[in-house]
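Breakdown of the fold
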Amino acid sequence: MESPSLVRYGGQTEDEPKTKSHSERTDDGSNIVPRIFKTEFDAKYKIYDMRTPLNAFMCGQYKRSGAYNTLRNRLPVVLTNVIDTLTKDKSELVAEFGEVSPIDFEQAARGELKVIIGLISRLKYELQTDKPFQGFDGQEPDRALWNKFLNLLPDEERTFFRSCCLYSECYMHRKLYSFVENSIFLKPYDYHVKVKENSLTSFIDDVLSLTKYTRRTDNSLEIFGELLRISLWSNYNDTARDPEAPPLPAFNINVLEDVSAADEFILANQVADIWQCLDNRKQKKPCQVDFVLDNAGYELFTDIILAEFMIEKGLATKVLFHVKAHPWFVTDVTARDFKWTLEYLSQHADYIISLIGKKFLQFLAEGKFQLAPISHFWTCPYPYYRMRDTDPDLYSSLQQSKLIVFKGDLNYRKLLQDVCWDSTQDLNTCLRGFLPSNICAVRRVKAEVICGLPEGVSETLSKKDPHWMISGNYGVIQFVDGSREFGY
Ligand SMILES: O=P(O)(O)OC[C@H]1O[C@](O)(CO)[C@@H](O)[C@@H]1O
C-alpha cells in the first residue's frame, strides 16, 4: 500500500506532483524566498515565511498560505464553538440524551459531557502546539482505515502543521466526532446541527424566490447553466470563512436578479460540456447522476433544485445524493440533515415552500431521488485517486453514473490531492487516474488548489488581489469527459 506521505510524491510519473525544497521559486515566479522565522511560534514550529511552492501539498508550514491561516486561526475557533455549544446546551442535552431519571444517570451524563469538553480542549491544545496525530482506539466503524492511514505517515509529517493540510483538517474533524461517538449518553449527537438548520431557516426568503423562479423553466442549456451557477454561488458558508476576509460581492447568495452579472468571477465555465453530456433526449436511456454533496442549508436546497431540473427535463432518471457519515467540516450534509431539510420544507407555513418540500419527498419515495449508501470514504483523509483501492465498491457504484457532480471546495481539494498545481494544468491530469465516469466540479475557490485556467489568469488575479484564491469570490464549473473510457 502506498504511503500517503508528502515525500512519496517525489514524482513516480511525469504528471505527478513533486514536492520542492523550501527555497524554490514561488508560482508567481517571484524571487527565492529565504527561510525566515518571524515569530516565536514560527521559530518553534518551523513555519516558513513563504507561499506554498508550486507542486507542493497545502501545508501549515507555509505561513503565506490559506493552510496556515486555517490551522492557526480557523480550526481552533471551530473547536471553541463546539465547546460553547456543549456548555450552553448542557441541560437540554442531558435531558435529551441522558436518562432524566434516576438521578444517577443524569449525573453520569453530566460527567460524561465534562469529559468530552476536556477531550475537545486537549485536541485544541494539540492542534495549537503542533502535536502528533493519535490513532483511534474506540468503536469507530472506520477505525482500521484511519489507523492504517496514520501509521503510514512518516513521523515528521504526522503533526498538524507538518502534514498535508487536508489530512490535518480531516483528522481534526474525525477526532472531534470520535469523542461523541465513543460516549455512552451523547452517541448520536451532532454538535453542528443548529448551525446547519440556521443556514436554511435564515435563507427562507431565498428559498422562496428560487422556488418561484424555477417553477416554469425551459429545457434549455441557458436555464441549466443558470441553475448550475446558482448552485455554484451558494457554495458559501460563513462559518468556514475567515472573519478577517473582506465581505463578498453583492451576488453572494441570491443571484436570481441577474445570474450572469457574476460571470466574470467564473474562471472556468464548462456548462455547455456538462449539458451535452446529459442531454440524452435522443437516447432515452435510464441515466443516473450522482451528487457528492457539500454544505447543508441554502446550498443543499440549490443542489436539490438542480437535481429536480435534471429529473423533470429527462436529463436524469435518478439522482443519488452522497452525504457524510457524521458531522464534518461544520456544515456538511449528513443523512439526518438531508431528511430534515425535506421535512422542514414540506411542513413550512408558506404554501409554495411546503409544496416543493412535498414534491422532493415524493421524488424520494419514487426513487427518483436516493440517498446513496453511507460510505466512510467521504470522511477519510485520502484524496479521490485512492478511492479505487480504498473503497472499490464505492468506485464501482460511481461507474454506473452518467455524471458525478462534486460540490464545493473540499471535494475539489480531494480531487486534486490538495496540491498546488500549476493553474494551467489540465484537470484530467490532476485527477491522477480518478475517472469513474464523467466528472463535474462546482466550487467557489477557497484554497490555493486550482487547475484548468487559461494562461496568465492566475498571475493577473494575483496582482489585483493576492488573496483571491482564499477569498471565495471566484468560482469554477469544470468538466472531465470520462465517456471515451467507459463507452457512453
Ligand atoms: O464547504 P466547502 O466549499 O467544501 O469549503 C470548506 C473548505 O474551505 C476551506 O475553508 C478552505 O479550503 C477549508 O477549510 C474547507 O476545506
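Quick caveat: nothing in here was measured; it's all calculated off a predicted structure. (Residues numbered from 1 in each chain as written. Predicted model: local features only at pLDDT ≥ 70, side-chain atom pairs only at ≥ 80, totals over all residues. Heavy atoms only, no water.)

Brief notes about the domain arrangement of the protein
Each domain of the protein was delimited in the assignment, giving domain 1 (66-182) and domain 2 (192-480). Each of domain 1 and domain 2 has a C-alpha centre, and the two are 27 Å apart. Listed by partner, the interface residues are 23 residues for domain 1 and 22 residues for domain 2. Carbon and sulfur atoms supply 67% of the area buried between domain 1 and domain 2, which totals about 2,000 Å² over both sides. Considering only the surface of domain 1 that becomes buried against domain 2, Leu145, Leu166 and His173 emerge as the three largest contributors, covering 27% of it. Counting the contacts that link domain 1 with domain 2 gives two salt bridges. The shortest N-O distance in the salt bridge between glutamate 169 and arginine 413 comes to 2.7 Å. (Domains from an automatic or database assignment. Contact = heavy atoms within 4.5 Å. Buried area = accessible area lost by both parts, 1.4 Å probe. Salt bridge = Lys/Arg side-chain N within 4 Å of Asp/Glu carboxyl O.)

Considering the site of the ligand
In the vicinity of the ligand there are 14 residues, among which Glu169, Asp294, Asp409, Arg413 and Lys446 approach most closely. A distance of 2.9 Å is found between an oxygen atom of the ligand and a side-chain nitrogen or oxygen belonging to asparagine 295. Between the ligand and arginine 413 there is a distance of 2.8 Å, counted from an oxygen atom to a side-chain nitrogen or oxygen. Against a free-state accessible area of 390 Å², the protein chains account for coverage of 94% of the ligand. Broken down by element, the residue count for the shell around the ligand peaks at three residues, all from helix α16 (residues 409-415). Split by residue class, the shell around the ligand holds four nonpolar, four polar and six charged. (Near = heavy atom within 4 Å. Polar contact = N/O pair within 3.5 Å; in protein donor to acceptor, adjacent residues only side chain to side chain. Areas by Shrake-Rupley, 256 points an atom, 1.4 Å probe, with all protein chains shown as cover. Helix = DSSP H or I, 4+ residues; strand = E, 2+ residues; numbered from the N terminus. Nonpolar A, V, L, I, M, F, W, Y, C, P; charged D, E, K, R; others polar.)

Notes on the environment of glutamate 169
Tracing the sequence through the fold places glutamate 169 in helix α6 (residues 165-181). For the pair glutamate 169 and leucine 71, spaced 98 residues apart in sequence, the C-alpha separation works out to 7.9 Å. Excluding its chain neighbours within four sequence positions, the residues that come into contact with glutamate 169 are Thr70, Leu75, Phe329 and Arg413. There is a polar contact of 2.7 Å between the side chain of glutamate 169 and the side chain of arginine 413.

Points about helix α10 (residues 271-278)
Every buried residue belonging to α10 is among Val271, Ile274, Trp275, Cys277 and Leu278, and all of these are buried. Down the axis of α10, the buried side of the element spans an arc of 160°, and every buried residue falls inside it. (Buried < 20%, exposed > 50% of the residue type's maximum accessible area, 1.4 Å probe, protein only. Arc of directions from axis to C-beta.)

As for the pairing of strand β7 (residues 475-480)
The element β7 is largely enclosed, with a buried count of six among its six residues. Burial of the side chains of β7 extends over both faces: Gly475, Ile477 and Phe479 are buried on one face and Val476, Gln478 and Val480 on the other. Strand direction decides the pairing type here: strand β1 (residues 266-269) and β7, joined by three bridges, are parallel. Of the residues in β7, the one forming a bridge with alanine 268 is valine 476. Across six bridges, strand β6 (residues 439-444) lies against β7 in antiparallel orientation. Pairing of arginine 444 across the sheet is with glycine 475, part of β7. (Pairing = 2+ DSSP bridges.)

Overview of the packing of aromatic side chains
Tallied over the full model, the rule gives 33 aromatic pairs. Between the aromatic rings of tryptophan 468 and tyrosine 474, the centroid separation amounts to 5.8 Å while the plane-to-plane angle is 85°, which identifies the pairing as edge-to-face. A single burial state applies to tryptophan 468 and to tyrosine 474, both of which are buried. Members of the aromatic cluster, connected to one another through ring pairs, are Phe133, Phe136, Trp146, Phe149, Phe160, Tyr167, Tyr171 and Tyr382. Positioned above the aromatic ring of phenylalanine 136 is the side chain of lysine 175, whose terminal nitrogen or guanidinium carbon lies 4.2 Å from the ring centre. (Phe/Tyr/Trp six-rings, centres within 6.5 Å; stacked < 30°, edge-to-face > 60°. Lys NZ or Arg CZ within 6 Å of the ring centre and 35° of its normal.)

Side note on helix α11 (residues 298-312)
Taking 1.5 Å of rise per residue, 15 residues should cover 21 Å, and α11 covers 21 Å from first to last C-alpha, within 8% of that figure. A large share of α11 lies buried, amounting to 14 of its 15 residues. Looking one or two places after α11, you find glycine 314, whose phi comes out positive at around 75°. (Expected span 1.5 Å × (residues − 1).)

Some details on unusual backbone geometry
One non-glycine residue with positive phi stands out, namely aspartate 130, at about 50°. By relative accessible area, aspartate 130 is classed as buried at 9%.

Considerations on the side chain of threonine 159
Along the chain, the position of threonine 159 falls in the loop between α5 (143-152) and α6. Classification of threonine 159 as buried rests on a relative accessible area of 10%. What threonine 159 contacts, discounting residues up to four positions off in sequence, is Asp130, Lys131, Pro132, Phe133 and Ser168.

Side note on the confidence of the model for the protein
Per-residue confidence for the protein gives a mean pLDDT of 88; residues scoring 70 or more make up 85%. Across residues 1-34, confidence stays below pLDDT 50; counting only partners more than four residues off in sequence or on other chains, it has 75 contacts. Overall fold confidence for the complex sits at a pTM of 0.90, while the interface term, ipTM, reaches 0.97. (pLDDT = per-residue confidence, 0-100.)

Here we look at the sheet that holds β6
Strand order in the open sheet formed by seven strands is β1-β7-β6-β5-β2-β3-β4, and the pairing between neighbours is mixed. Each edge of the open sheet is held by one strand with a lone partner, namely β1 and β4 (369-371). This sheet shows a mean twist of 15° between the axes of neighbouring strands, independent of strand direction. Along the sheet, α10 makes contact with β1, β2 (288-292), β5 (403-407), β6 and β7, crossing β7 at roughly 40°. (Axes fitted to C-alpha atoms, helices over the stretch in contact; angles between N-to-C directions.)

A closer look at a nonpolar patch on the surface
On the surface, a cluster of nonpolar side chains totalling about 300 Å² of accessible area is made up of Tyr351, Ile352 and Leu355. Looking at where isoleucine 352 falls in the secondary structure, it is placed in helix α13 (residues 351-366). Accessibility expressed as a relative area gives 31% for isoleucine 352, which makes it partly exposed. (Patch = residues over 30% accessible without salt bridge, like charges linked within 9 Å, V, L, I, M, F, W, Y side chains within 5 Å.)

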